[in-house]
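Next come the chains, spelled out residue by residue.
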Amino acid sequence: MIIDVHGHYTTAPDPLGRWRDAQVAGLADPARRPDPAGPVISDDEIRESLETQQLRQMDERGIDVTVFSPRASFMAHHVGDYETSSTWARICNDLCHRVAELYPRRFAFGAMLPQSPGVDPATVVSELERVVDLGAVAVNINPDPSGGHWTSPPLTDRHWYPLWEKLVELDVPAMVHVSTSCNPAFHTTGAHYLNADTTAFMQLLQGDLFTDFPALRLVIPHGGGAVPYHWGRFRGLAQALGKPEPEEALLGNVFFDTCVYHQPGIDLLLDVIPHSSVLFASEMIGAVRGVDPRTGHHFDDTRRYVENAGLSAESLTAIQEGNARRVYPSLDARLAAQGR
């Protein structure tokens, strides 16, 4: 089985985007606020949005199951206040839950949280509990709700502890994933995403979060940003800071995905990072949708790269299935209940 741990509902039916536009417009003009219950989207609209898009490409690429969460760039936690984010998160999460209910063998529910700049992370706990009750196998956590200005404390700060405590209690992993950049210095997917992946890892290296939360599991997407490429730098910084080797201190709790869109990048990731800490993912359909003219295949067809990396059968199975089942226990239980 091939499990993709990183998918977003980027092809959601148009009423979702129109509702969000109305919600944002309503921040300035209350008369334009939409129905807080959310847009009306039929099951047929959901099916149409997926069967010609994500499902078709999953079938073409041999991907069995995708952990499917709201579109990352749509989370936009910097827009409005906590109430704005809370309503928007509920609507997006309910839609992804419906996807998982309509296609229980193909999609597992992943959720976003109603974060807001300057707001105590404890406020998201109620939505976290709600989505886990609905069957969410993972959540996305934005380390920078300000949208590119980095006004939040590091992930190791006690500011975040209520969220970490609840994740450990629920035994649910989190993907550390930023959203849209509102800072023109940082392109959202080309700079802000990769900056955030690298920044999150460095914050974790500097702190001692996993001493307090040894069961916490965090996934850093997009191959870990710059981390594998600069592994020697991070090892040297750990040494200078009086920290253990990163592999020893972090890689039992921190995992990287395979959303790296060329063969040399995947080869490097798998050469540097222990295979037990790598999870298969493609982020399809996501930031990079085109076909690579050098190969004739989509850039985000990451299965090709992983299977051409010269892995042992044991490592390949671990990366494509086993590690995900270990890191996402609710997903493993869901698959086991389906006889898989």
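Residues numbered from 1 in each chain as written. Predicted model: local features only at pLDDT ≥ 70, side-chain atom pairs only at ≥ 80, totals over all residues. Heavy atoms only, no water.

## Let's talk about the state of the cysteines
- A full pass over the atoms with the stated rule returns 0 disulfides.
- As a non-bridged cysteine, Cys 96 has Cys 92 as the owner of its nearest cysteine sulfur, 7.1 Å distant.
- In this structure Cys 96 comes out as buried when scored by relative accessible area, which is 2%.
- Residue Cys 182 stays outside any disulfide, its sulfur separated by 18 Å from that of Cys 92, the closest cysteine. (Disulfide = S-S within 2.5 Å. Buried < 20%, exposed > 50% of the residue type's maximum accessible area, 1.4 Å probe, protein only.)

## Things to note about the packing of helix α5 (residues 82-102) against helix α6 (residues 125-134)
- Between α5 and α6, the shortest axis-to-axis distance is 11 Å and the interhelical angle comes to 10 degrees. Classed by the angle they form, the pair α5 and α6 counts as roughly parallel. Like other packed secondary-structure pairs, α5 and α6 cross with a definite hand, here right-handed. Contact residues: α5 offers Ala 89, Arg 90, Asn 93, Asp 94 and His 97, while α6 offers Glu 127, Arg 130, Val 131 and Leu 134.
- Partitioning the contact of α5 with α6 into residue classes produces 3 nonpolar, 2 polar and 4 charged. (Axes fitted to C-alpha atoms, helices over the stretch in contact; angles between N-to-C directions. Helix = DSSP H or I, 4+ residues; strand = E, 2+ residues; numbered from the N terminus. Parallel < 35°, antiparallel > 145°, perpendicular 65-115°, else oblique. Left-handed = near helix turned anticlockwise from the far one by under 90°. Contact = heavy atoms within 4.5 Å. Nonpolar A, V, L, I, M, F, W, Y, C, P; charged D, E, K, R; others polar.)

## Considerations on the pattern of salt bridges
- Under the counting rule described, the total for this entry stands at 16 salt bridges.
- Residue Asp 300 pairs with Arg 61 through a salt bridge whose shortest N-O separation is 2.9 Å. Highlighted residues: Asp 300 in the loop between β8 (278-279) and α13 (302-307) and Arg 61 in helix α3 (residues 54-61), separated in sequence by 239 residues.
- Judged by relative accessible area, which is 2%, Asp 300 ranks as buried.
- Note that Glu 129 is salt-bridged to Lys 166, the shortest N-O span being 2.8 Å. You can see Glu 129 sitting in helix α6 and its partner Lys 166 sitting in helix α7 (residues 161-170), a full 37 residues away along the chain. (Salt bridge = Lys/Arg side-chain N within 4 Å of Asp/Glu carboxyl O.)

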